[in-house]
Amino acid sequence: MLVLFVLLDLGYTFVQAYQLPLEGDLPSIVLPAPDCRQVLQDPFGWGALTRDEVYVAPNRFFAHASMVSYFKSVPFALQRITNPINSIYAACALFAVGVQALLLYILGVYITGTYRLSRFNIWLAIALLVPLFQISGYNDQMGIIDRAITYTFFYAFPMTLLLLLLLPFYQAAYYGQPLRISWPGRIALVGLMVVLAFNGAIITGVVAVLFFGIALHWIIRQWQSGSGLSVGQRLIRLVQVPVLPVVMLGLFTVLCLYSLYIGLSEKESSEHVLPLWDRYARIPSGIAWQFRKPGLPILIGAALINGFIVRRLVPPSPGRQRVLRIFGWLGLFALVYLLLLPLGGYRQYRPLIIRRDSILPIILGIMFFYGLSSYFLLHQLPALFRRRYIAWLVVLSSFYLITDTLFLTDNNTCERQGLERLAQATEPIVRVSAECAVMSWWKINRPEYSETNAQLLEYWGITKGKKLYYHEGW
């Protein structure tokens, strides 16, 4: 039943994602447009480092390359079973579902400690998290899979890969065991580190905060464990660190610091500047915006309730202490991350600094703790309390499932009509309906502004020849 529930929800997600319209960043990145070409020719930002060049996304090579590779291959494979227009929407939906499925599995492993899908426990953990993934409903507050496919490539996908990379380190720390990784595994992790370091600011920001916390935790623990020793002996204990995790995480840190540095040459950041104090002043408004609907506040409340129940109703044990310790560290991570967030610069499309994509690591942390604590309580609560707790989980899950509607009102029906109009057109410049944008953030008022879009539509085989277009009445 749990497997069926999860698979049905993934199918539900596909139907929802298949209805989403395309967005304006997609054609510029995939074709690519002239301003997005340099990053593909300079993967590691040598131009920004050695020649002080300023261009689009100098530290996001793998984010751009993954989109180019995906959308220049998968749609053509899908065109064997469907028409070119459907193939684009299907490719977007398949990627969204794939990221969600992988993320659910990885979080399930974090919660249960098992990789085996034949185990009941991992499906239970995944089922606890499934209702929290919102494409409709409260997507604007707590959406992991973004309604714009580019943001799923740039945020949810690399965050999923980061969790995969950190998984062996987390399990070693959680169970108090030495880190053991084979040489092929080490090489694979180093390769993944390179990919993630050059995937944009979200990863480098998370790594900076997270690894600072790890170092702080290590120093505090080693200092406390040296009680009764002299100051010199305590200092000696501090430098007696496990070599493998320090070398690997240290390498990742260096890569991320370099990525942060070349990211200072990002063109968009230099064009839109807001004083640092003004950015901090907007943080309260950003938090209030995220709390304007009940989706995220209820999730935070559920996580806090779980922490309270663990503390009050579960007898002391190593497992209980680990859950509460994770709760404390996640709270500290969220606080430090929010305080450092304005340092990442300003974007006009994110005027309040805080938005679901910029705080995605915090949202994932809340979801993880909710899943971990719920799973722990289902196994540790006395029978009487467990039955009541299960009823509460059913009510909470039903709330999120009901709000995440299957059929979207702001769907791609109008955009599809525009694409079909272009596909059938014989003239080189086509006028389309002004009711909605077509593969753009806004309606196009002059044909020459559709140049990149027209080239990509021709490449995909949607149009026969390049068809520039503009919106009627604009």
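Residues numbered from 1 in each chain as written. Predicted model: local features only at pLDDT ≥ 70, side-chain atom pairs only at ≥ 80, totals over all residues. Heavy atoms only, no water.

**Looking at the pattern of salt bridges**
Close approach of charged atoms allows side chains of opposite charge to pair. Basically, it comes down to this: The working definition used for a salt bridge is a side-chain nitrogen of Lys or Arg within 4 Å of a carboxyl oxygen of Asp or Glu. Only DSSP runs of H or I reaching four residues or more are called helices, and only runs of E reaching two or more are called strands; each is numbered from the N terminus. For every residue, the accessible area (1.4 Å probe, protein chains only) is compared with the maximum for its type, and the residue is labelled buried under 20%, exposed over 50%, or partly exposed between those bounds.
Counted by the stated rule, this structure contains 10 salt bridges. Between Arg356 and Asp140 there is a salt bridge, and its shortest N-O distance comes to 3.0 Å. One end of the pair, Arg356, is in the loop between α19 (318-340) and α20 (360-380); the other, Asp140, is in helix α9 (residues 139-142), with 216 residues separating them in the sequence. Across the salt bridge formed by Arg446 and Glu448, the nearest N and O atoms sit 2.7 Å from each other. Judged by its relative accessible area of 43%, Arg446 is partly exposed. Among the residues examined, Glu448 registers a relative accessible area of 40% and is labelled partly exposed.

**Let's talk about empty space enclosed by the protein**
Here is the rule we go by: With a 1 Å grid spanning the protein atoms alone, the term cavity applies to any set of points in which a 1.4 Å probe fits but cannot get out, the term pocket to an open set with protein on both sides within 12 Å along at least five of seven lines, and the term lining residue to any residue with an atom within 4 Å of a point. Grid points are joined across faces, edges and corners, and a volume is the space filled by probe spheres set on the points. Throughout this entry, Asp, Glu, Lys and Arg are counted as charged residues, while Ala, Val, Leu, Ile, Met, Phe, Trp, Tyr, Cys and Pro are counted as nonpolar. The remaining residues, Gly among them, count as polar.
Under the defined criterion, the tally for this structure stands at two cavities of 30 Å³ or more. There is about 90 Å³ of room inside the largest cavity. Taken together, 14 residues line the largest cavity, and the ones lying closest to its centre are Ala17, Leu20, Cys92, Arg147 and Ile149. The set of elements that each furnish at least two residues to the lining of the largest cavity consists of α7 (84-112) and α10 (149-174). Take the lining of the largest cavity: its biggest share by element is three residues, from α7. In terms of residue class, the lining of the largest cavity is built from 10 nonpolar, one polar and three charged. Estimated volume of the second largest cavity: approximately 50 Å³. Taken together, Gly143, Ile144, Asp146, Tyr151, Tyr155, Arg356, Asp357 and Leu360 form the lining of the second largest cavity. For the lining of the second largest cavity, the residue count by class is four nonpolar, one polar and three charged.

**Structural notes on the packing of aromatic side chains**
As a reminder of what qualifies: Note on aromatic contacts: the rings of Phe and Tyr and the six-membered ring of Trp form a pair at centre separations within 6.5 Å, being stacked when their planes are under 30 degrees apart, edge-to-face when over 60 apart, and tilted otherwise. Placement of a positive charge over a ring is assigned whenever Lys NZ or Arg CZ falls within 6 Å of the ring centre and within 35 degrees of the normal to the ring plane.
The tally for this structure, following the rule as stated, stands at 25 aromatic pairs. Of the aromatic side chains, those joined through ring pairs into one cluster are Tyr70, Phe71, Phe95, Phe153, Phe157 and Trp460. Note that Lys72 overlies the ring of Tyr459, its terminal NZ or CZ placed 5.2 Å from the centroid. The ring of Trp183 has Arg186 lying over it, and the distance from NZ or CZ to the ring centre is 4.5 Å.

On their own, these measurements won't tell you what the molecule is for.
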